[in-house]
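Survey of secondary and tertiary structure
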Amino acid sequence: MSRGRFVVFEGIDASGKSTQARRVAEDRGARFTFEPGDTPLGADLRRWLLDASAPMSPVTESLLMLADRSHHAATVIEPELAAGRPVVSDRYWASSIAYQGYGGGVDLALLHAATELAIGDCRPDVTVLLDVPVEVADERRLRDHRDRFESADVAFHERVRAGYLELAAADPAHWRVVNGADDLATVCAAVDAVLAEVWPGA
Ligand code: TYD
């Protein structure tokens, strides 16, 4: 039996990645999942991570995100893929590199090594980056509730966005960048065009 396809959506807050991840999972009959928090352990970790009244250092954040990720990969993602079923995730390893690494200043080489420890060979076939300028995301977020990460400053999100673009540029075989600032129909069409190429016949 062949291994299931593993697709991840990434982007800054309010980039529209969750909408796309859910839509693609439904269209393609894939298991939808997300980080942080899509396991019983992860739900507890998510509560701590997003609690604005309990600030923590970027290193502590990294370690909790990685704990969530390692458990998520071992108990949800890997079993699905091994059984031949496709998985679509809203965020995965690159979120830690972009947010805690580029955004929070945690050492990138150490984060990459810790990521390897957390996920081993459970790597996405492709990661779709929904790229939006920070001011566009800001306008969208103004309409919504803000949690601790979403209250971070513009400079932080600029670093996160730049980090994502750098990761995508460094590994074009495994990344695709879609302009997330367009209207919804245009973004959906762009995502579908990318997936038709990297996940044909689904
Ligand atoms: P998420 O639930 O995807 O929120 P949103 O849909 O608003 O983007 O993620 C919650 C926050 O957690 C988000 O601000 C990004 C942050 N995050 C990290 O900082 N590092 C990580 O490794 C992950 C998975 C998320």
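The model shown is predicted, which means the values in this text are computed figures rather than measured ones.

So, how was this worked out
Residues numbered from 1 in each chain as written. Predicted model: local features only at pLDDT ≥ 70, side-chain atom pairs only at ≥ 80, totals over all residues. Heavy atoms only, no water. Pairing = 2+ DSSP bridges. Helix = DSSP H or I, 4+ residues; strand = E, 2+ residues; numbered from the N terminus. Axes fitted to C-alpha atoms, helices over the stretch in contact; angles between N-to-C directions. Contact = heavy atoms within 4.5 Å. Buried < 20%, exposed > 50% of the residue type's maximum accessible area, 1.4 Å probe, protein only. Arc of directions from axis to C-beta. Expected span 1.5 Å × (residues − 1). Polar contact = N/O pair within 3.5 Å; in protein donor to acceptor, adjacent residues only side chain to side chain.

Here's the deal with the sheet that holds strand S1 (residues 6-10)
In space, the 5 strands of this open sheet follow the order S2-S3-S1-S4-S5, with parallel pairing throughout. With partners counted over all chains shown, the strands left at the sheet margins are strand S2 (31-34) and strand S5 (175-179), one partner each. Geometrically, the sheet is characterised by an average inter-axis angle of 20° between neighbouring strands, direction not taken into account. Alignment of strand S4 (residues 126-131) against S5, held across 5 bridges, turns out to be parallel. Its bridge partner being in S5, Leu129 is matched across the sheet by Val177. Packed onto the sheet, helix H1 (residues 17-28) meets S1, S2, strand S3 (87-90) and S4 and runs at close to 165° relative to S3. Along the sheet, helix H3 (residues 58-82) makes contact with S1, S2 and S3, crossing S2 at roughly 160°.

Focus on helix H6 (residues 134-142)
Those residues of H6 lying buried are Val134, Ala137, Arg140 and Arg141. The buried residues of H6 occupy one face: seen down the axis, they fall within an arc of 125°. The exposed residues of H6 that point more than 90 degrees off its buried face are Glu135, Glu139 and Leu142. Of the surrounding secondary structure, the elements contacted by the buried residues of H6 are helix H7 (154-170).

Re helix H5 (residues 108-119)
With 12 residues, H5 should cover 16 Å at 1.5 Å per step; its first-to-last C-alpha distance of 16 Å lies within 8% of that length. All buried positions along H5 are accounted for by Leu111, Thr115, Ala118 and Ile119. Considered in projection along H5, the buried side chains sweep an arc of 70° and stay on one side of the axis. Turned more than 90 degrees away from the buried face of H5, the exposed residues are Ala109, Leu110, Glu116 and Leu117. Tucked inside the fold, the buried residues of H5 contact H3 and helix H4 (93-103). At the N-terminal boundary of H5, the capping side chain belongs to Asp107, with an oxygen 3.1 Å from the backbone nitrogen of Ala109. Gly120 lies just past H5 and shows a positive phi near 55°.

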